[in-house]
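Here is what each chain is made of, one letter per residue.
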Amino acid sequence: MQAGGGGWVWLPLLWLVGSRAGDPAGYKRKVSLEYNPGWNSSAVNLLHVRAVGLNDTIHYVWSTIGAPTVLLVYTGSQSSGLHVNWTRLLSPSPSGAIQVEPAGSVLYSMAVIFSKVFEYNGTKTSDLSKANASSFYPTYDLANFTWDSLDGQLNETTLTATFQGVGPDSGGTFRNGSISFQVTAYEETSRDGPLPRLLHTANSSKVDFVMRGVAPRGNRSRFALEIVTVEERGGQKQLESTRSIDDEYTPTIFEMAQLVSVPRNDSTGFSFLQWKTAAYSALQPKREDTVHCEYYQLETENRTVPRPSIAHAYFGEELEVHNGVAAINISFGSEDSEAYQEKSYLSWSALIGFGEPPKDGFSPLVIAILAVGLGTPVLLLVGGSITVLVSRKKPYSEEQSFPLVEPFRDGGGCRCFSCCAI
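From a predicted model like this one, the values you see are computed outputs, not experimental measurements.

(A) Representation of the side chain of Ser349 in the model. Position of Ser349 among the secondary structure elements: in strand β22 (residues 345-354). A residue is classified by how much of its surface remains accessible, and Ser349, at 10% relative accessible area, is buried. For Ser349, the side chain forms a polar contact with the side chain of Asp208, separated by 2.4 Å.

(B) Here's a closer look at the layout of surface pockets. Counted as a void, the second largest pocket has a volume near 400 Å³. Taken together, 23 residues form the lining of the second largest pocket, with Gln182, Lys206, Asp208, Leu283 and Tyr345 sitting closest to its centre. Listed by contribution, the elements that provide at least two residues to the lining of the second largest pocket are β10 (160-166), β11 (178-185), β14 (204-212) and β22. Of the residues forming the lining of the second largest pocket, the biggest block, four residues, is contributed by β14. For the lining of the second largest pocket, the per-class residue count stands at 10 nonpolar, nine polar and four charged.

(C) Seen up close, a nonpolar patch on the surface. A cluster of nonpolar residues, Val378, Val382, Ile386 and Val390, forms a patch on the protein surface that exposes about 330 Å² of accessible area. With respect to the secondary-structure elements, Val382 resides in helix α5 (residues 364-393). Val382 sits in the partly exposed class, given a relative accessible area of 41%.

(D) The confidence of the model for the protein chain, seen in detail. In the predicted model, the protein chain carries a mean pLDDT of 85, and 81% of its residues have values of at least 70. Confidence over residues 416-422 falls short of pLDDT 50; this stretch has six contacts with residues more than four positions distant or in other chains.

(E) Region of interest: the pairing of strand β6 (residues 98-101). Covered by surrounding structure in β6 are Ile98 and Val100 only, the residues Gln99 and Glu101 on the alternate face being uncovered. The pairing of strand β5 (residues 81-84) with β6 spans four bridges and is antiparallel. Paired with His83 across the bridge in β6 is Gln99.

(F) Examining the pattern of salt bridges more closely. Tallied over the entire structure, the rule returns 11 salt bridges. Close ionic contact of Glu232 with Arg233 constitutes a salt bridge, the shortest N to O distance being 3.3 Å. Residue classification places Arg233 among the partly exposed residues on the basis of a relative accessible area of 44%. In this structure, Glu317 engages Arg307 in a salt bridge whose closest nitrogen and oxygen atoms are separated by 2.7 Å. Remark: Arg307 occurs in the loop between β20 (290-295) and α3 (310-315) and Glu317 occurs in the loop between α3 and α4 (319-322); sequence separation between them is 10 residues.

(G) View of the environment of Thr158. Tracing the chain through its elements places Thr158 in the loop between β9 (146-147) and β10. Residues Thr158 and Thr184, spaced 26 residues apart in sequence, show a C-alpha to C-alpha distance of 7.6 Å. Not counting chain neighbours up to four residues away, the residues in contact with Thr158 comprise Thr184 and Ala185. Of the polar contacts made by the side chain of Thr158, one reaches the side chain of Thr160; its length is 2.8 Å.

(H) Here's a closer look at empty space enclosed by the protein. Under the definition given, this model contains two cavities of 30 Å³ or more. In this model, the second largest cavity occupies a volume close to 50 Å³. Taken together, Trp62, Ser63, Thr64, Pro68, Thr69, Phe114, Phe163 and Phe181 form the lining of the second largest cavity. Taken together, the residues of the lining of the second largest cavity break down into five nonpolar, three polar and no charged.

What counts, and at which threshold
- Residues numbered from 1 in each chain as written.
- Predicted model: local features only at pLDDT ≥ 70, side-chain atom pairs only at ≥ 80, totals over all residues.
- Heavy atoms only, no water.
- Helix = DSSP H or I, 4+ residues; strand = E, 2+ residues; numbered from the N terminus.
- Buried < 20%, exposed > 50% of the residue type's maximum accessible area, 1.4 Å probe, protein only.
- Polar contact = N/O pair within 3.5 Å; in protein donor to acceptor, adjacent residues only side chain to side chain.
- 1 Å grid on protein atoms, 1.4 Å probe; cavity = no way out; pocket = protein on both sides within 12 Å on 5 of 7 lines; lining within 4 Å.
- Points joined across faces, edges and corners; volume = space filled by probe spheres on them.
- Nonpolar A, V, L, I, M, F, W, Y, C, P; charged D, E, K, R; others polar.
- Patch = residues over 30% accessible without salt bridge, like charges linked within 9 Å, V, L, I, M, F, W, Y side chains within 5 Å.
- Areas by Shrake-Rupley, 256 points an atom, 1.4 Å probe, with all protein chains shown as cover.
- Salt bridge = Lys/Arg side-chain N within 4 Å of Asp/Glu carboxyl O.
- pLDDT = per-residue confidence, 0-100.
- Contact = heavy atoms within 4.5 Å.
- Pairing = 2+ DSSP bridges.

Structure representation (structure tokens):
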């Protein structure tokens, strides 16, 4: 790429602004994975991700005991730990079974529950909110799924684990298919390689929702995922959308959606669930594999948390009374995009974390292009203006002075200016 000389004038400033955008943490955490701590059986799955910082710790507790759920607990101590009362956790009344100790170190907590998958006929509309009741097939309640054991499946190097499950109808729609949630923990700020190339920090983890080989029950089936959030002490989540002119990392996708905590005077922290408005129809996606995803109005009135869930084990049986509960649906596919059955694969990614959501900034490449595109015209304009001003102030030489005009005489009178009269 060739650039005009004026473009590079703006590079130092723009480079500095771009390099700082989206880098809120600037430090590393020491991350460890622990499977079913204090329990010798692999009949159920509970994964503890412990991310230790300079003077704090973020605990992520992922589990498929009931509906797939993640607890996020932030503490002001490097030595805080997870305690699980397994007898109580696996009982019909699990309240208090999951605790982070010491209790006084806990500064903030929340939960995200992936509760249901809807399937509906998208022939007339892909808009979940506009589909009539007769368009829906029986809902997949993820709390009723059978989940494979994580025993021996954790990857300590990549800090990943995959919860893979099948529905009760394993001989039909799930004969050759599954629904999975792949979890990834992070030690520092970076960007994912595969699409949608989310920017993450040490204060976040990623979850990939994947449908693979699940037999659709219609020719134009669309799918949607229901997500329920629990915010501590009556707090609430709010839905936000941010847009950017830069789609360098996620081609043709200009929107980022996120659920963030509503600030409260008595709160010592907040969390987020963040995603790009795109899903993909291939394991190693390219731009042409993009599937549009639509999110709908956040529902906060009279919401309940599906049972069973480890959210009840941490927040208590009456968590809806003492905590803020919200739900949101995210659908995949549009009238213009291919239906799921053409490739039998769908993936969607989101970040879950503590603090400020990551913010994308312009990359050095985009900064250089902007500098060339904007800097060169500005420099030409300034240079041209200076040239005109200089040329106007330049004194005339004798050769450039105006010649004397012979006065025109007519009958002894002079029609020229009086100063020229003879």
